[in-house]
Amino acid sequence: MSEMTKCYPYFREDVTADMDALGLQDNVVYCERSDYDRVLYNRNADVTVWSGASRLVFPYHNLVCKLPITKIARWDFDDHCAVELENYELSIKEGLDEAFAPCEFYDMVNGIPVYVMERAEEIEERITPSKATSEACEKDELDYSWDASLWEVFVRYYGIEFCKKLTTFLQDNYINDIRFNNCGIINGRPVLIDYCGYWGD
């Protein structure tokens with residue numbers, strides 16, 4: 001049991017039921033798709049599930065469950081959730097964790113590692129970047145997968161110096177793909193919700 005799941009006494013049973021419905025277990029079948037192996041799961045199951053490049057994600061109350069689902073040959077690791085957890089722990093050491101949705105390792109379920117993350121709301125407002133923000137995003141040191149409008153959201157909340165430090169942290173830890181779909185709002189603050197990093201061809 002993790003700290004985040006303590007208030008949910010039936011978490012294991014519920015998550016196991018969802019995974020069973022999806023047909024997920026330790027002998028999952030991988031199939032060739034779009035140049036990497038993706039796990040096959042029952043898309044007709046009555047379970048809300050989102051599939052990214054490296055993880056399945058499904059909601060559970062104010063949490064989301066994340067499961068590593070791909071084996072990508074050009075990357076030297078299989079569990080992308082573990083990488084995300086490592087990045088979160090590094091952000092705590094650097095004093096940047098308030099800009100990351102908290103995540104934890106829960107346990108093995110059906111032979112698959114299950115991670116939990118605090119659920120965030122979608123960032124709905126697209127802010128027109130200020131001139132200063134636009135100019136900052138044109139500089140190499142701040143131009144690292146940040147959409148200027150998204151950068152404005154973070155700068156307005158955290159301030160420019162914090163965001164500079166955050167951007168350096170993202171660069172140093174190969175966390176890219178920073179876009180609205182990979183960010184959200186928790187208790188009024190903008191956060192990263194997908195911070196494993198992604199590399200295409």
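Note that the coordinates shown come from a computational prediction; the quantities given were computed from them, not determined experimentally. (Residues numbered from 1 in each chain as written. Predicted model: local features only at pLDDT ≥ 70, side-chain atom pairs only at ≥ 80, totals over all residues. Heavy atoms only, no water.)

Q: Would you mind showing me how to read the overall build of the protein chain here?
A: What the protein chain contains, in helices and strands, is 5 helices and 10 strands. Here the protein chain, with 201 residues, has 46% of them falling under the buried criterion. Taking contacts inside the protein chain between residues at least 6 apart in sequence as the whole, the part at least 24 apart equals 61%. Just so you have it, the protein chain exposes about 10500 Å², and 46% of that area is on carbon and sulfur atoms. (Helix = DSSP H or I, 4+ residues; strand = E, 2+ residues; numbered from the N terminus. Buried < 20%, exposed > 50% of the residue type's maximum accessible area, 1.4 Å probe, protein only. Contact = heavy atoms within 4.5 Å. Areas by Shrake-Rupley, 256 points an atom, 1.4 Å probe, with all protein chains shown as cover.)

Q: What should I look at first to understand helix α5 (residues 160-172) in this one?
A: Structurally, the α-helix is built with 3.6 residues per turn, so residues lying three or four positions apart point the same way. The end-to-end C-alpha distance of α5, which contains 13 residues, comes to 18 Å, matching closely the 18 Å that a straight helix rising 1.5 Å per residue would cover. Those residues of α5 that fall on the buried side of the exposure criterion are Phe162, Cys163, Leu166, Thr167, Phe169 and Leu170. One face of α5 carries all of its buried residues, which in axial projection span an arc of 160°. Opposite the packed face of α5, turned more than 90 degrees from it, sit the exposed residues Glu161 and Asp172. In this structure, the buried side of α5 is in contact with α2 (80-93), α4 (148-158) and β10 (189-192). (Expected span 1.5 Å × (residues − 1). Arc of directions from axis to C-beta.)

Q: Would you mind showing me how to read the packing of aromatic side chains here?
A: Applying the stated criterion to the full structure yields 9 aromatic pairs. Where Phe100 meets Phe169, the ring centres are 5.8 Å apart and the plane angle is 80°; that geometry is what we call edge-to-face. Linking Phe100 in the loop between α2 and β7 (103-109) with Phe169 in helix α5, this pair joins segments that are 69 residues apart in sequence. In this structure, Phe100 and Phe169 share a single accessibility class: buried. Here a set of aromatic residues connected by ring pairs shows up, and it is made of Tyr8, Phe11, Tyr60 and Tyr106. (Phe/Tyr/Trp six-rings, centres within 6.5 Å; stacked < 30°, edge-to-face > 60°.)

Q: So what exactly am I meant to see when it comes to the sheet that holds strand β8 (residues 112-118) here?
A: Two modes of strand pairing occur in sheets, parallel and antiparallel, and in both the strands are linked by backbone hydrogen bonds. Strands sit in the order β3-β4-β5-β8-β7 across an open sheet of 5 strands; the sheet is antiparallel. Sheet topology places β3 (50-51) and β7 at the edges, where each strand pairs with a single neighbour. Inspection of the sheet shows strand β5 (residues 63-68) paired to β8 by 4 bridges, in the antiparallel sense. Its bridge partner lying in β8, Cys65 is registered against Val116. In the packing of helix α1 (residues 11-22) onto the sheet, the strands contacted are β4 (55-60), β5, β7 and β8, and the crossing angle to β7 comes to about 70°. (Pairing = 2+ DSSP bridges. Axes fitted to C-alpha atoms, helices over the stretch in contact; angles between N-to-C directions.)

Q: I tried to follow the layout of surface pockets on my own but got confused; where do I start?
A: The probe, sized like a water molecule, is rolled over the atoms to show the empty space still left. Taken as a whole, the largest pocket encloses approximately 710 Å³ of empty space. What lines the largest pocket is a set of 30 residues, among which Val57, Asn181, Asn182, Ile193 and Asp194 lie closest to the centre. Looking at the lining of the largest pocket, the elements that each hand over two or more residues are β3, β4, β5, β8 and β9 (183-186). Looking at the lining of the largest pocket residue by residue, the class counts come to 12 nonpolar, 8 polar and 10 charged. (1 Å grid on protein atoms, 1.4 Å probe; cavity = no way out; pocket = protein on both sides within 12 Å on 5 of 7 lines; lining within 4 Å. Points joined across faces, edges and corners; volume = space filled by probe spheres on them. Nonpolar A, V, L, I, M, F, W, Y, C, P; charged D, E, K, R; others polar.)

Q: Where do I start with the confidence of the model for the protein chain in this structure?
A: Close reading of the predicted structure is inappropriate where its pLDDT is low. Of all residues in the protein chain, 80% have pLDDT values of 70 or greater, and the mean over the chain is 82. Contacts for the low-pLDDT stretch residues 31-36, under 50 throughout, to residues beyond four places or in other chains number 12 contacts. (pLDDT = per-residue confidence, 0-100.)

Q: It is not clear to me how the side chain of Arg189 should be interpreted in this structure. Could you clarify?
A: Tracing the chain through its elements places Arg189 in strand β10. No salt bridge is formed by the buried Arg189; the nearest opposite charge belongs to Glu98, separated by 5.4 Å. Beyond its immediate chain neighbours, meaning those up to four positions away, Arg189 contacts Glu98, Phe100, Pro102, Tyr157, Tyr158 and Gly184. (Lys, Arg positive; Asp, Glu negative; His and termini not counted. Salt bridge = Lys/Arg side-chain N within 4 Å of Asp/Glu carboxyl O.)

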